[in-house]
Amino acid sequence: MPGIDFDALRGRIRMSEVLPLVGLVPRQRCGPQLRGPCPVHRSKSPSSRCFSVHLQRQLFHCFHCGAAGHPIQLWAAVQQLSLYEAARDLCRKLGVAVPWVRRW
C-alpha cells in the first residue's frame, strides 16, 4: 500500500471545506471560531455548542465526546474510516490530488 504525505495533505485541505461535508450548522461564531452540535457523536440538541472549530488553526474539538484534531481526522471520525481511507476519500470528494510518498 503506497504511503500518503499527510503533512502535505493537511496543507491542501481546509477545515472550511470539510465542515459542509460533515453537515455542521454553526450555532455561534466568534471571530475564527465556530461552535455547534458535534458531527462525530451526532449531538441531538438543536442548541448544542459542544463542538468547537478554529478555522485559522485548522483544528476541532468536542467537549462532550473528546474528539479532536485536523480536518482529515474529522472526516475519518465522522465517516468511521481509518486515517488512510479518510484521506483518500476526502481527496476524491474535494478533487484534490493525493500527495503520495516517494520512497526510493
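Provided above is the structure to which this section pertains.
In this text the structure is predicted, and so the values were computed from the model without any measurement.

### Quick look at the overall build of the protein
Right, so step 1: A tally of regular secondary structure across the protein gives 4 helices and 5 strands.
Right, so step 2: The order of α-helices and β-strands along the protein, N terminus first, is α-α-β-β-β-β-β-α-α.
Right, so step 3: For 104 residues, the compact-globule estimate of 2.2 N^0.38 gives 13 Å, and the C-alpha radius of gyration of the protein, at 14 Å, lies within 12% of that figure.
Right, so step 4: Here the C-alpha coordinates of the protein stretch approximately 50 × 25 × 20 Å along the principal axes.
Right, so step 5: Per-residue burial for the protein yields a buried fraction of 41% across its 104 residues.
Right, so step 6: Of all intrachain contacts in the protein linking residues separated by at least 6 positions in sequence, the fraction that spans at least 24 positions is 46%.
Right, so step 7: Put simply, the protein shows about 6,300 Å² of open surface, and 50% of that area lies on carbon and sulfur atoms.
Right, so step 8: Between the centroid of the 15 positive side chains of the protein and the centroid of its 5 negative side chains there is a distance of 9 Å.

### Re the pairing of strand β4 (residues 59-62)
Right, so step 1: Judged by which residues are buried, β4 turns out to be one-sided: Phe60 and Cys62 face inward and are buried, whereas Leu59 and His61, on the alternate face, are not.
Right, so step 2: Examined bridge by bridge, strand β3 (residues 51-54) and β4 share 4 bridges and lie antiparallel to one another. Within β4, the position partnered with phenylalanine 51 by the bridge is cysteine 62.
Right, so step 3: Following β3, the chain reverses through 4 residues before pairing antiparallel with β4; glutamine 58 in that reversal takes a positive phi of roughly 60°.
Right, so step 4: The pairing of β4 with strand β5 (residues 68-69) spans 2 bridges and is classified as antiparallel.

### Here we look at the pairing of strand β2 (residues 33-36)
Right, so step 1: Here β2 shows a buried face lined by Leu34 and Gly36 and an unburied face lined by Gln33 and Arg35.
Right, so step 2: Pairing between strand β1 (residues 28-30) and β2: 3 bridges, direction antiparallel. Counterpart to glutamine 28 in the pairing with β2 is arginine 35.
Right, so step 3: Two successive antiparallel strands, β1 and β2, enclose a turn made up of 2 residues, where glycine 31 displays a positive phi of approximately 65°.
Right, so step 4: Pairing of β2 with β3, which is carried by 4 bridges, proceeds in the antiparallel orientation. Paired with arginine 35 across the bridge in β3 is serine 52.

Cut-off values and rules
- Residues numbered from 1 in each chain as written.
- Predicted model: local features only at pLDDT ≥ 70, side-chain atom pairs only at ≥ 80, totals over all residues.
- Heavy atoms only, no water.
- Helix = DSSP H or I, 4+ residues; strand = E, 2+ residues; numbered from the N terminus.
- Rg over C-alpha atoms; globule rule 2.2 N^0.38 Å.
- Buried < 20%, exposed > 50% of the residue type's maximum accessible area, 1.4 Å probe, protein only.
- Contact = heavy atoms within 4.5 Å.
- Areas by Shrake-Rupley, 256 points an atom, 1.4 Å probe, with all protein chains shown as cover.
- Lys, Arg positive; Asp, Glu negative; His and termini not counted.
- Charge placed at Lys NZ, Arg CZ, Asp CG, Glu CD.
- Pairing = 2+ DSSP bridges.

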